[in-house]
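In case you want the letters, here they are:
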Amino acid sequence: IDVLDGITSQDKFIAEWLRKTYSKVGNKPTIVLANKCENLNNAIPVAQLGFGDGVYISAEHNINMQEVFDIIAKYCPTDEEIEEDDSLKIAIAGRPNVGKSTLINAAIGENRLITGDIAGTTRDSISIKFEFNGQKITIIDTAGQRRTSKIDEHLENVSVLDAWRYIKQAHVVIIVIDVNAPFEKQDLNIARKVIEEGKIVIFAVNKVDSISNPKAALDEIKLRLEKEFAQVPRVPCFPISALN
């Protein structure tokens, strides 16, 4: 914030927005920097924003910048913490009821996750660690994502925000789609957002054992993929049956 302007209505609006947003996805450390404070007599009570006493700095004159770096360093992972989690992170994303949890159960060979036909069975993102051919893997089951207009429960809205937090941390995102209703609008919305995040994307076309001609259906889906996501050519697309 600008100490010469004091605490403005815009500052208060941003502070309130941060509180509301981060309370939904897990509180984040927030640091208030009061800038243009070449003269400490200009200090203003930034604690009223609700994020502590803040740091009084002058970016232009490099005043108190070391204190800023020291505070940031407190929240950085240590080398030991970084080394501990060297796994390949794979997030499973998609609409409700496309078989995400069933896919994970099949991948790890255990019924670790609850599955069901009711939308919203998975509310929280769940991480499971395992090894495959010597590779450490963290696989993350995310809540099914409906269109925003369909979300009328606060808890489900929180679940979707939580899902995107984990998707942003993943190296690879597997988008599960139902072969019986491929590429509904929400499938495309999810895929576009994942691609915009710069993630490696794989499409898993689930429930292929429920149709008579899986090959024809897959060929049609691949053509649609090439049309919708021309900027990402040859995206892997696999027919699967998570249940079987």
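Positions within a chain are numbered from 1, following the residues in the order the chain's sequence is written. Owing to the predicted nature of the model, reporting of local features is limited to residues with pLDDT of at least 70; listing and counting of side-chain atom pairs is limited to 80 or more, with chain, interface and lining totals taken over all residues. As a rule here, side-chain values come from all non-hydrogen atoms in the structure, and water together with hydrogens is ignored.

> Just checking my understanding: could you explain the sheet that holds strand E5 (residues 135-141) for this structure?
Whether parallel or antiparallel, the strands of a sheet pair through hydrogen bonds between backbone atoms. The sheet built from 6 strands is open, its strands ordered E4-E5-E3-E6-E7-E8 with mixed pairing. Unpaired on one side and paired on the other, strand E4 (126-132) and strand E8 (237-239) mark the two borders of the sheet. The sheet shows a mean angle of 25 degrees between the axes of neighbouring strands, taken without regard to direction. A strand pair is defined by DSSP finding two or more bridges across the two strands. Strands here mean DSSP runs of E at least two residues long; helices mean DSSP runs of H or I at least four residues long; both are numbered from the N terminus. Summarising the sheet, strand E7 (residues 200-206) and E8 pair through 3 bridges and their orientation is parallel. Looking at E8, one finds that Phe203 is bridged to Cys237. Interaxial angles span 0 to 180 degrees and are taken between N-to-C directions of axes, which are lines fitted to C-alpha atoms, for helices over the stretch in contact.

> Explain helix H2 (residues 65-75) here, please?
Here the term buried applies to any residue with accessible area under 20% of the maximum for its type, exposed to any over 50%, and partly exposed to those in between, with areas from a 1.4 Å probe on protein chains only. Here H2 has its buried residues at Met65, Val68 and Ile71. End-on, the buried residues of H2 take up no more than an arc of 120 degrees, which puts them together on one face. Opposite the packed face of H2, turned more than 90 degrees from it, sit the exposed residues Gln66 and Lys74. The directions from the helix axis to the C-beta atoms form the arc being described.

> Would you explain a nonpolar patch on the surface in this entry?
Two joining distances apply to patches: 9 Å for like charges and 5 Å for nonpolar side chains (Val, Leu, Ile, Met, Phe, Trp, Tyr), and every residue must have over 30% relative accessible area and no salt bridge. Note on areas: these come from Shrake-Rupley sampling with a 1.4 Å probe, and a residue is covered only by the protein chains present in the view. Salt bridge, as used here, is a side-chain nitrogen of Lys or Arg placed within 4 Å of a carboxyl oxygen of Asp or Glu. On the surface, Ile31, Phe69, Ile72 and Tyr75 cluster together into a nonpolar patch covering about 400 Å² of accessible area. Within the secondary structure layout, Phe69 lies in helix H2.

> Help me understand the environment of Lys199 in this model?
Within the secondary structure, Lys199 is located in the loop between helix H6 (185-196) and E7. Residue Lys199 is classed as buried on the basis of its relative accessible area of 19%. Spatially, the C-alpha atoms of Lys199 and Ile167 are 8.6 Å apart, while their sequence positions differ by 32 residues. In this analysis, two residues are considered to be in contact whenever any of their non-hydrogen atoms come within 4.5 Å of each other. Leaving out residues up to four positions away in the same chain, Lys199 has contacts with Ile167, Lys168, Gln169, Ala170, His171, Val173 and Val194. A distance of 3.0 Å separates a polar side-chain atom of Lys199 from the backbone oxygen of Ala170. Pairs of N or O atoms within 3.5 Å make up the polar contacts considered here, provided that, within protein, one atom can donate a hydrogen while the other can accept it, and that residues adjacent in sequence are counted only when both atoms are side-chain atoms.

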